[in-house]
Amino acid sequence: MNCSNCGHFNDGGKFCVKCGHKLQEEAAVSQAAASEYQPQPQPAYAPQQPNQRVRQAKKVSKSFLVILQKELKIQQLQHKQQAKANSLMHLSQSFFMLLVYLLCCM
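A brief structural summary. Treat the numbers as computed from the prediction; the structure is a model and nothing was measured. (Residues numbered from 1 in each chain as written. Predicted model: local features only at pLDDT ≥ 70, side-chain atom pairs only at ≥ 80, totals over all residues. Heavy atoms only, no water.)

Counting its secondary structure elements, the protein chain contains two helices and zero strands. The buried share of the protein chain, taken over its 106 residues, is 4%. Look at the contacts in the protein chain between residues 6 or more apart in sequence, and 3% of them connect residues 24 or more apart. When the accessible surface of the protein chain is summed, it comes to about 10,100 Å², and 61% of that surface belongs to carbon and sulfur atoms. (Helix = DSSP H or I, 4+ residues; strand = E, 2+ residues; numbered from the N terminus. Buried < 20%, exposed > 50% of the residue type's maximum accessible area, 1.4 Å probe, protein only. Contact = heavy atoms within 4.5 Å. Areas by Shrake-Rupley, 256 points an atom, 1.4 Å probe, with all protein chains shown as cover.)

And the structure:
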């Protein structure tokens, strides 16, 4: 029998040879607990209503998702505007270089 206090294996007796803890009491308690245990029948599955924390978490996650989508759309729009501005700047630089070339070479 193993001692529930220190885990030492004891061949017999009423007390643990290592720590002195009473062994007979532990055996009686474990036997009583084993005899009292009877599995309860499982109830039929019934969906439960989500609790308030789950609802709040869903609400927060949805609002976060909406904010994230808006931020991504804003960044996409800013990227398009920046690309358009860059292309206009490159176009004007190209016309300026063409004009300088034409003036110098003619």
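Let us keep going from here.
Turning to the side chain of Asn-10, a few remarks are in order. With respect to the secondary-structure elements, Asn-10 resides in the segment before helix H1 (23-36). In this structure the side chain of Asn-10 is engaged in a polar contact, spanning 3.2 Å, whose partner is the backbone oxygen of His-8. Engagement of the side chain of Asn-10 in a polar contact is seen with the backbone nitrogen of Val-17, the distance being 3.0 Å. The contact partners of Asn-10, leaving out residues within four places of it in the chain, are Met-1, Cys-3, Phe-15, Cys-16, Val-17 and Leu-23. (Polar contact = N/O pair within 3.5 Å; in protein donor to acceptor, adjacent residues only side chain to side chain.)

Another aspect to go through is helix H2 (residues 52-105). If you check H2, its first and last C-alpha atoms are 79 Å apart, about what 54 residues at 1.5 Å a residue would give, namely 80 Å. Its side-chain oxygen placed 3.2 Å from the backbone nitrogen of Arg-53, Asn-51 serves as the N-cap of H2. (Expected span 1.5 Å × (residues − 1).)

In short, the description is geometric, and any link to function would need to be established separately.
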